[in-house]
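Take a look at the letters that make up each chain.
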Amino acid sequence: MSALTRRTFVGGAAALLVAGLVACEANDAAPSDDAEPAAETSTVTVFAAASMEESLTKAGGLFTDEYPQYELSFNFDSSGTLKTQIEEGAECDVFISAGQKQMNQLDAEDTTGDNTDGLDLIDSASRFDILENKVALAVPEGNPKGIESFDQLAELLRAGDVFMAMGNSDVPVGQYTQAILEFYGLDEAALAAAGTITYGSNVKEVTSQVAEATVDCGVIYQTDAYSDGLEVVDEATPDMCGQVVYPSAATKNAPNPEGAAALLEFLKGADASACFEEVGFTPLA
């Protein structure tokens, strides 16, 4: 019976019927005293190297499945950009860098000399090395230049016969590439001036240039090559650029320290490690 029909009743039993129906509707609408309140969630804000986007997003989904009291907010970018944002006061609970330098620059317990500004923004007790990656030489589909190795690339760069993409000097992938150029005795500034090198602000930009074949090759991480389906023709050795180790830590002023601790502990586990291994990372925790 519609509300309009009920409103046409007048007097006696009809009035009682209307009152009963209204009371029933009110009771149906009122929340039960026994009803459970909606579960509250708190946000854990994660600043992570761009090369971790696919694998960490997947691992994060497993984390929130297991810990529904938390939700994750990700900020993926170059480690240098993320370090600067934290330094400038951006709210961040967990920082995962693609290089030790950017983490060291924020850590008061750094002993390498990287923390030249005396910053104290990392919870040093929570810090651990989470992953290892590889620096890879990737080429576009079909490898038009026929590039086969870093040794060959060095000769092509000397001759000006190749167009290579690399990361900027303030991001780890760019710093690893600079080390490779130095290993081969190549002058980066001269190569850039000659037009044989172009740059990306993070590893994703370099990867895109290779995938779109706007360059002949690019120096990226093995994991990014895997994620984008790019051909890897060579991997850099530790002698060429050192180990590519990703440190992770909670920040000193984490808005959600409990959530940060829970996430970092989860990322050490088997489920998260499997997500990282899928794309070529080597878990270290």
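Before going into details, it helps to say that this report is about the structure given with it. (Residues numbered from 1 in each chain as written. Predicted model: local features only at pLDDT ≥ 70, side-chain atom pairs only at ≥ 80, totals over all residues. Heavy atoms only, no water.)

### Topic: the packing of aromatic side chains
The geometry of two aromatic rings is summed up by the distance between their centres and the angle between their planes.
Item 1. Enumeration over the complete set of coordinates arrives at nine aromatic pairs.
Item 2. With 5.9 Å between their ring centres and 15 degrees between their planes, Phe63 and Tyr70 make a pair best called stacked. Judged on exposure class, the residue Phe63 and its partner Tyr70 are both buried.
Item 3. With 5.1 Å between their ring centres and 25 degrees between their planes, Phe74 and Phe76 make a pair best called stacked.
Item 4. According to the relative accessible area criterion, Phe74 is partly exposed, its value standing at 27%.
Item 5. You can call Phe76 buried: its relative accessible area is 19%.
Item 6. Cluster of aromatic residues (ring-pair linked, three or more members): Tyr176, Tyr221, Tyr246, Phe276 and Phe281.
Item 7. Over the face of the ring belonging to Phe128 we find Lys268, whose NZ or CZ atom lies 4.6 Å from the ring centre. (Phe/Tyr/Trp six-rings, centres within 6.5 Å; stacked < 30°, edge-to-face > 60°. Buried < 20%, exposed > 50% of the residue type's maximum accessible area, 1.4 Å probe, protein only. Lys NZ or Arg CZ within 6 Å of the ring centre and 35° of its normal.)

### Some points on the environment of Ala125
Item 1. By the secondary structure assignment, Ala125 is in the loop between helix H5 (100-104) and strand E4 (128-133).
Item 2. Considering only alpha carbons, one finds Ala125 and Lys252, 127 residues apart in sequence, at a separation of 9.9 Å. (Helix = DSSP H or I, 4+ residues; strand = E, 2+ residues; numbered from the N terminus.)

### Brief notes about the environment of Cys217
Item 1. Within the secondary structure, Cys217 sits in strand E8 (residues 217-221).
Item 2. Taking the C-alpha atoms as reference points, Cys217 and Pro144, 73 residues apart in sequence, are found 9.5 Å from one another.
Item 3. What Cys217 contacts, discounting residues up to four positions off in sequence, is Leu137, Ala138, Val139, Pro140, Ile147, Leu153, Val162, Phe163, Met164, Ala165 and Val210. (Contact = heavy atoms within 4.5 Å.)

### Some points on the side chain of Ser97
Item 1. Relative to the helices and strands, Ser97 is located in the loop between strand E3 (94-96) and H5.
Item 2. Side-chain polar atoms of Ser97 contact the backbone oxygen of Gly99, separated by 2.6 Å. (Polar contact = N/O pair within 3.5 Å; in protein donor to acceptor, adjacent residues only side chain to side chain.)

### What about the environment of Gly280?
Item 1. Take Gly280: it is sitting in the loop between helix H13 (270-278) and strand E11 (282-283).
Item 2. Under the relative-accessibility criterion, Gly280 is labelled partly exposed at 23%.
Item 3. Taking the C-alpha atoms as reference points, Gly280 and Lys134, 146 residues apart in sequence, are found 8.5 Å from one another.
Item 4. Among residues more than four places away in sequence, those in contact with Gly280 are Gln222 and Thr223.

### Let's talk about empty space enclosed by the protein
Item 1. Tallying each qualifying case throughout the model produces two cavities of 30 Å³ or more.
Item 2. The computed volume of the largest cavity comes to approximately 80 Å³.
Item 3. What lines the largest cavity is a set of 13 residues, and nearest its centre among them are Ser78, Ser79, Pro172, Val203 and Tyr221.
Item 4. Per-class residue counts for the lining of the largest cavity are eight nonpolar, four polar and one charged.
Item 5. A volume near 50 Å³ is recorded for the second largest cavity. (1 Å grid on protein atoms, 1.4 Å probe; cavity = no way out; pocket = protein on both sides within 12 Å on 5 of 7 lines; lining within 4 Å. Points joined across faces, edges and corners; volume = space filled by probe spheres on them. Nonpolar A, V, L, I, M, F, W, Y, C, P; charged D, E, K, R; others polar.)

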